[in-house]
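# Close look at the chain arrangement
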Amino acid sequence: MRLYFIRHGRQSSKRCNVNVDLSQEGRRQAALLGCRLTDWGIDALYSSDLIRAVQTAREINRFLSLPHTICPDLREISFGEMEGLTNEEIGVRFKEFKKQQETMTADLPYPGGECAGDVVRRVEPFLDEMTRSHYKRIAVVTHGGVIRAMTALCLGMPLEKWRLLGKDLENTSITELKWDPVHRRFTVERFNDYAHLEGHPLLLRNSWAEPPASHS
């Protein structure tokens, strides 16, 4: 069984983990991915219940025409008190937490939110269910924190190091896990694959950076 973790398309707000629609660029990213996946033999489609993931899955599904199952356990890591804030606001209000987090000496929960271990505990039962299913290739539209935490788990990394994986995961990138039923473990076959976005520079993350401050 192969499981394709897909990061949702670009959302319409840059604030932290707000539950909003995809942007026009996000819909375009999802359409390009759906076209790419057409011949991959995917036989099941899941997504988190957050709007950006649901809409990404629906856009992909225009090409796949599969039953779409929404699973709340696949939602993004909870950033707690940071949610709804800008990066600048987070940098000021949570400066000391961010400094401590960067040491990667403990799997720290976000203030009022989750840590990577919390994500693993709620997503691991979903993976277990998929390994017992009859599906061969499963697309799962989820979020960067989930993808990084679960990849760290599969690689046997200490969870306090989870943020070493893909600091800038591209929207609609694919991370592929392959189930080994003999040794009962996943292997990581690809990570942050965004080949469908190459040739579309305005759809890449660096095109969505904050504009430089004006000094005029």
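Residues numbered from 1 in each chain as written. Predicted model: local features only at pLDDT ≥ 70, side-chain atom pairs only at ≥ 80, totals over all residues. Heavy atoms only, no water.

### Description of the overall build of the chain
If you tally the helices and strands in the chain, you get six helices and six strands. Counting helices and strands in the order they occur from the N terminus, the chain gives β-α-β-α-β-α-α-α-β-α-β-β. Over its C-alpha trace the chain gives a radius of gyration of 17 Å, about what one expects of a compact globule, namely 17 Å for 216 residues. Projecting the C-alpha coordinates of the chain onto the three principal axes gives extents of approximately 55 × 40 × 25 Å. Expressed as a percentage of the 216 residues in the chain, the buried residues total 50%. Put simply, 70% of the contacts in the chain that link residues at least 6 apart link residues at least 24 apart. Summed over its atoms, the accessible surface of the chain is roughly 10,800 Å², and 49% of this surface lies on carbon and sulfur atoms. For the chain, the distance from the average position of its 30 positive side-chain charges to the average position of its 29 negative side-chain charges is 2 Å. (Helix = DSSP H or I, 4+ residues; strand = E, 2+ residues; numbered from the N terminus. Rg over C-alpha atoms; globule rule 2.2 N^0.38 Å. Buried < 20%, exposed > 50% of the residue type's maximum accessible area, 1.4 Å probe, protein only. Contact = heavy atoms within 4.5 Å. Areas by Shrake-Rupley, 256 points an atom, 1.4 Å probe, with all protein chains shown as cover. Lys, Arg positive; Asp, Glu negative; His and termini not counted. Charge placed at Lys NZ, Arg CZ, Asp CG, Glu CD.)

### Regarding the packing of aromatic side chains
Overall, the coordinates contain five aromatic pairs when judged by the stated rule. When the centroid spacing of 4.7 Å and the interplanar angle of 65° are considered together, the rings of F79 and Y110 count as edge-to-face. Highlighted residues: F79 in the loop between β3 (68-70) and α3 (87-93) and Y110 in the loop between α4 (95-102) and α5 (116-131), separated in sequence by 31 residues. Neither residue differs from the other here; F79 and Y110 are each classed as buried. When the ring of W179 is compared with that of F186, the centres are 4.9 Å apart and the planes differ by 55°; the resulting orientation is tilted. As far as burial versus exposure is concerned, W179 and F186 are alike and both buried. An aromatic cluster is present here, built from F79, F97 and Y110 joined pairwise through their rings. (Phe/Tyr/Trp six-rings, centres within 6.5 Å; stacked < 30°, edge-to-face > 60°.)

### Thoughts on the state of the cysteines
Applying the stated criterion across every chain, the model contains zero disulfides. C71 takes part in no disulfide bond, and the closest cysteine sulfur to it belongs to C154, at a distance of 16 Å. The class for C71 is buried, based on a relative accessible area of 15%. (Disulfide = S-S within 2.5 Å.)

### Some details on the nonpolar core
The biggest cluster of nonpolar side chains holds 36 residues, and the ones touching the most others in it are L3, F5, Y46, M82, F126, L127 and V140. The dominant element in this core, judged by the number of residues it contributes, is α5, at seven residues. The residues contacting V140, other than those within four sequence positions of it, are L3, Y4, F5, I6, Y46, L74 and F126. (Core = buried A, V, L, I, M, F, W, Y, C linked by side-chain atoms within 4.5 Å.)

### Some points on the environment of E124
Position of E124 among the secondary structure elements: in helix α5. What makes E124 partly exposed here is its relative accessible area of 33%. When the C-alpha atoms of E124 and H200 are compared, they prove to be 34 Å apart, with 76 residues separating the residues in sequence. Not counting chain neighbours up to four residues away, the residues in contact with E124 comprise M150 and L153.

### Some points on the pattern of salt bridges
The tally for this structure, following the rule as stated, stands at twelve salt bridges. One salt bridge connects R2 with E176, and the closest N-O pair in it is separated by 2.5 Å. Linking R2 in strand β1 (residues 2-7) with E176 in strand β5 (residues 174-180), this pair joins segments that are 174 residues apart in sequence. Accessibility expressed as a relative area gives 22% for R2, which makes it partly exposed. (Salt bridge = Lys/Arg side-chain N within 4 Å of Asp/Glu carboxyl O.)

### A word on the packing of helix α1 (residues 24-37) against helix α2 (residues 51-64)
Closest axis-to-axis distance for the α1/α2 pair is 8 Å, and the angle between their directions is 35°. Where α1 crosses over α2, the two elements pack in a sense that is right-handed. Taken together, the residues of α2 that come into contact with α1 (itself represented by R27, A30, A31, L33, G34, C35 and L37) are Q55, T56, E59, I60, R62, F63 and L64. Taken together, the residues of the contact of α1 with α2 sort by class into eight nonpolar, three polar and three charged. (Axes fitted to C-alpha atoms, helices over the stretch in contact; angles between N-to-C directions. Left-handed = near helix turned anticlockwise from the far one by under 90°. Nonpolar A, V, L, I, M, F, W, Y, C, P; charged D, E, K, R; others polar.)

### Re α5
The end-to-end C-alpha separation of α5 is 22 Å, in line with the 22 Å expected for 16 residues at 1.5 Å each. Of all the bends in α5, the greatest reaches close to 35° and is centred on V123; the proline P125 follows between one and four positions later. Where α5 is concerned, the buried positions are A116, G117, V119, V120, R122, V123, F126, L127, M130 and T131. Looking at the buried side of α5, the elements it contacts are β1, β2 (44-47), β4 (137-142), α6 (144-155), β5 and β6 (185-193). (Expected span 1.5 Å × (residues − 1). Bend = angle between axes of the 7 residues up to and from the residue.)

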